Amino acid sequence: MNLARKITAIAVAGALSACAATQVDNTPKHPTAVVTAEFTINGLYLPDHKGTQTVYTRENMRAIDQKAEFDSFYMGWADYDETFIFRISENLLWHVDHDKKTYRECPLSGCKNVFEEFMAKTQSASDEEEEYETYDEKGCSVTLDKNDFTVVATNNTRKIGGLASQEYTATWTTEFKDENGKIDLNLLQFVFWTTTPTADMKGVWKIHEKATDNYLNQVGDKNGLVRLLGKDGYKAISAFSGDVEKNDKQNFNSITEKLATIQGYPLSIKMEWFQKSEACPTVKKKRSDAGLDLSQGLESAATNFFGNLIKDEADNVVDSVVSEWKKDARVRYIYEVTSVSEKQINDSRFNVPNGYTLEDRQ
């Protein structure tokens, strides 16, 4: 056998081996709404990362596949490839980790994050940790001086994924003023690019709306957002994000009435949160103000004292950086739809893959 034949034989053997290893999905197929998207998350409060998402929806089930990679080499450990599977009629949620080939089984209302609860307790027990303080805890009286929500059609147009789209902006501004006239300013800004919905998009809206109704009937007020907003409020947020179509029943207050003026199917959503905090200023105690502690000996006391002086200078540098940070968004989220369709999808999409290990059941 010459070299060319050997290479051909190896290639054919490899192809046959790959085909043999590929599992054939024989589960039934049924009509399913499929939305694919790309997203980017960054800002001062979150590490930069970007990813893709595919949402599969039927009236009584939904699967959300999402993969993301962090920009920083040091955050590589936080990359994720996961699926959330909602089995609505069974009051069941599976959180699938494809990297570890494990899954958690939880109530439909959501999984409790044991690690986050543990870290919260650890942080609250730390003397060094600075915690968020309410105005009452600061002993500071403030008044809501401004609460404005506006929606504007900018008349700007562009093409996204080959579809003509138009721009809307939504801005929510709140100002809290203290007794000295100092103000805490919060600005939540949204930019929408919407398109005239196609037949596929309208079909997807109908499927999503039925799934949302079924979800709300099953989960009740066990979902935190439902407890906060009520069912109508939850559906209004779904309409706001483009998950379901808007209707008159969702115009339950002035904000959602203004949101209802946004026409079309959202292809791109950008959300940014800006904050400027000047109300109720707190005087930061310098480390060097603590004085000398001679209980551990003179050498130790001198080391700690001069060490704290150095740390004071470091704090000053940090404070100057933080003041620069206030010029940027605390959180920025960009979500762009790449396709909307109704397809025949295998039932396996809504089940935990074979061979995955149960990690937790709640």
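Keep in mind that what you see is a predicted model, and the values were worked out from it rather than measured.

Visitor: Outline unusual backbone geometry, listing residues and values.
Guide: Even without being a glycine, Asn-91 presents a positive backbone phi close to 50°. Summarising the element assignment, Asn-91 is placed in the loop between strand E4 (80-87) and strand E5 (92-97). On the basis of relative accessibility, which here comes to 31%, the residue Asn-91 falls in the partly exposed class.

Visitor: Lay out the state of the cysteines with the relevant residues and their values.
Guide: Overall, the coordinates contain one disulfide when judged by the stated rule. The disulfide bridge from Cys-106 ends at Cys-111, spanning 1.9 Å between sulfur atoms. Between Cys-106 and Cys-111, the S-S torsion sits near 100°, and that sign places the bridge as right-handed. The partly exposed category is assigned to Cys-111, whose relative accessible area is 25%.

Visitor: Mind laying out the nonpolar core, listing which residues take part and the relevant values?
Guide: Among the nonpolar cores identified, the biggest contains 18 residues, and Val-35, Val-204, Tyr-265, Leu-267, Val-337 and Val-340 are the most heavily contacted of them. Looking at this core, the elements with two or more residues in it are strand E1 (29-42), strand E9 (183-195), helix H4 (199-219), strand E10 (265-277) and strand E11 (331-346). Ranked by residue count, the leading element in this core is E1, at five residues. Once residues lying within four places of it in the same chain are set aside, the contact partners of Val-337 are Val-35, Thr-36, Ala-37, Ile-160, Pro-266 and Leu-267. Grouped together as the second largest cluster of nonpolar side chains are 13 residues, Met-61, Ala-63, Val-96 and Tyr-103 included.

Visitor: Just give me the short version of the side chain of Thr-36, but keep the residues and values in it.
Guide: Positionally, Thr-36 belongs in strand E1. At 2.6 Å, the side chain of Thr-36 and the side chain of Thr-338 are in polar contact. Within the structure, Thr-36 has its side chain in polar contact with the side chain of Ser-339 (distance 2.5 Å). In this view, Thr-36 contacts Gln-53, Thr-54, Glu-336, Val-337, Thr-338 and Ser-339; residues no more than four positions away in its chain are not counted.

Visitor: Go over the packing of aromatic side chains, please, and point to the residues and values.
Guide: Under the definition given, this model contains four aromatic pairs. Both rings, one in Trp-205 and one in Tyr-265, keep their centres 5.2 Å apart while their planes meet at 35°; by these two values the pair is tilted. Placement of the pair is Trp-205 in helix H4 and Tyr-265 in strand E10, with a sequence separation of 60 residues. The same class applies to Trp-205 as to Tyr-265, namely buried. The ring centre of Trp-193 lies 5.2 Å from the NZ or CZ of Arg-158, which sits over that ring.

Visitor: Mind laying out the pattern of salt bridges, listing which residues take part and the relevant values?
Guide: In the structure shown here, the tally under the stated rule is nine salt bridges. Measuring nitrogen to oxygen at the nearest pair gives 3.1 Å for the salt bridge that ties Asp-71 to Lys-50. Of this pair, Asp-71 sits in the loop between strand E3 (61-70) and E4 while Lys-50 is found in strand E2 (residues 49-58), placing the two residues 21 residues apart along the sequence. Accessibility expressed as a relative area gives 48% for Asp-71, which makes it partly exposed. Its relative accessible area of 42% is what places Lys-50 among the partly exposed residues. Close ionic contact of Lys-146 with Asp-148 constitutes a salt bridge, the shortest N to O distance being 3.9 Å. Accessibility expressed as a relative area gives 37% for Asp-148, which makes it partly exposed.

Visitor: Let's hear about the sheet that holds E10: which residues, and what values?
Guide: On the basis of which strands lie adjacent, the open sheet formed by twelve strands has the order E7-E8-E9-E10-E11-E1-E2-E3-E4-E5-E6-E12 and mixed pairing. A strand with exactly one partner marks an edge of an open sheet, and here the two such strands are strand E7 (142-160) and strand E12 (357-361). Pairwise comparison of adjacent strand axes, ignoring direction, gives a mean angle of 15° for this sheet. Along the sheet, H4 makes contact with E1, E2, E3, strand E8 (163-178), E9, E10 and E11, crossing E11 at roughly 95°.

What counts and what doesn't
Residues numbered from 1 in each chain as written. Predicted model: local features only at pLDDT ≥ 70, side-chain atom pairs only at ≥ 80, totals over all residues. Heavy atoms only, no water. Helix = DSSP H or I, 4+ residues; strand = E, 2+ residues; numbered from the N terminus. Buried < 20%, exposed > 50% of the residue type's maximum accessible area, 1.4 Å probe, protein only. Disulfide = S-S within 2.5 Å. Core = buried A, V, L, I, M, F, W, Y, C linked by side-chain atoms within 4.5 Å. Contact = heavy atoms within 4.5 Å. Polar contact = N/O pair within 3.5 Å; in protein donor to acceptor, adjacent residues only side chain to side chain. Phe/Tyr/Trp six-rings, centres within 6.5 Å; stacked < 30°, edge-to-face > 60°. Lys NZ or Arg CZ within 6 Å of the ring centre and 35° of its normal. Salt bridge = Lys/Arg side-chain N within 4 Å of Asp/Glu carboxyl O. Pairing = 2+ DSSP bridges. Axes fitted to C-alpha atoms, helices over the stretch in contact; angles between N-to-C directions.

By themselves, these figures tell us nothing about what the structure is for.
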